[in-house]
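One letter stands for each residue in the lines below.
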Amino acid sequence: MKFQYSVEGGDFTMAGHASSQVKKSLKQLGIDSSIIKRVVVALYEAEVNIVAHAYRGVIDVDIESAGIKLKLTDEGPGIPDIEKAMTKGFSTASAAVREMGFGAGMGLPNIRDNSDRFTIDTVVNKGTVLSIEIDFK
Amino acid sequence: MVLQEVCNLVNGEVLCGHSRLKESVEFAFSSDLMSDVLTVKKEHFLLITGLANSQSIRTAEMSDAPYILICRGKTVTPDMVELASENGILIIVSKFSMFKCSGILYSAGLKAVY
Ligand SMILES: Nc1ncnc2c1ncn2[C@@H]1O[C@H](COP(=O)(O)OP(=O)(O)O)[C@@H](O)[C@H]1O
Ligand SMILES: [Mg+2]
């Protein structure tokens, strides 16, 4: 099953919409709730990152019998230093993002913790591609 | 602890999800930082927060936290109530601070996640 969602940078009212849809799909498929939680927590933090840090993006969701593949492709500033960005506590988030309950530099590390496979490809001044894979086991 | 008792103890007002008041919950987690809530591995807990916006509802949804206690009488918008209702989430609002709500509920036997 394949789905695609678009995400607008700066639009916090819609942040979480795609994650919510994916959660509903996985529930319908009868996937174990602890695995659904790992998927949607990782996806939600990644979705919020597009809203918080990029201009716009697309989320590609591919649900197969063995697991789920999520690809988040954004147009944005990119990440100049991935290692630094992956460090717990590092954040360039604005005050507006912190008011939303994010911006503590915990998103990327939490995405990694919840993923079975996780990669970041980024080009400064162009954008970022996050790839998240989680097995249903 | 039954959710109706949670509500009574914090002098709360229920905004939506009334049908869940007879359910019971064992654990709670208090935070204004949604990224922190999203690190909680447990499912089915009470989220106690001072953050009243659509992201606190979304965070509860993704975290499988079906009950939210919003402290300090923060304004909950109709959009938030609608989002919570769609997802079957119970919202209780209390005028007490997050510290007071947490203290009362902890003393009454609600357990800490960590
Ligand atoms: N999609 C993205 N585009 C550009 N920069 C990003 C993106 N995602 C994350 N970053 C950078 O990595 C940092 C750390 O991200 P994260 O761990 O999610 O924390 P937070 O979003 O709370 O700042 C961000 O502050 C930002 O500088
Ligand atoms: Mg983030």
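Residues numbered from 1 in each chain as written. Chains lettered and ligands numbered in written order. Predicted model: local features only at pLDDT ≥ 70, side-chain atom pairs only at ≥ 80, totals over all residues. Heavy atoms only, no water.

1. What about unusual backbone geometry?
Step number 1: Here the phi dihedral of Lys137 of chain A falls at roughly 70°; this positive angle occurs in a residue that is not glycine.
Step number 2: Within the element layout of this structure, Lys137 of chain A appears in the segment after β5 (127–135).
Step number 3: Lys137 of chain A sits in the exposed class, given a relative accessible area of 77%.
Step number 4: In this structure, Asp64 of chain B is a non-glycine residue whose phi angle is positive, near 60°.
Step number 5: Within the fold, Asp64 of chain B resides in the loop between α3 (54–63) and β4 (67–70). (Helix = DSSP H or I, 4+ residues; strand = E, 2+ residues; numbered from the N terminus. Buried < 20%, exposed > 50% of the residue type's maximum accessible area, 1.4 Å probe, protein only.)

2. Structural notes on the site of ligand 1
All names here are of chain A.
Step number 1: Neighbouring ligand 1 are 19 residues, the closest being His53, Asp74, Ser91, Thr92 and Leu108.
Step number 2: Between Gly105 and ligand 1, the recorded distance is 3.1 Å, taken from a backbone N or O atom to an oxygen atom.
Step number 3: One of the backbone nitrogen or oxygen atoms of Gly107 is found 3.2 Å away from an oxygen atom of ligand 1.
Step number 4: Relative to its unbound accessible area of 530 Å², ligand 1 is 95% covered by the protein chains. (Near = heavy atom within 4 Å. Polar contact = N/O pair within 3.5 Å; in protein donor to acceptor, adjacent residues only side chain to side chain. Areas by Shrake-Rupley, 256 points an atom, 1.4 Å probe, with all protein chains shown as cover.)

Shape is all these values report; function is a separate question.
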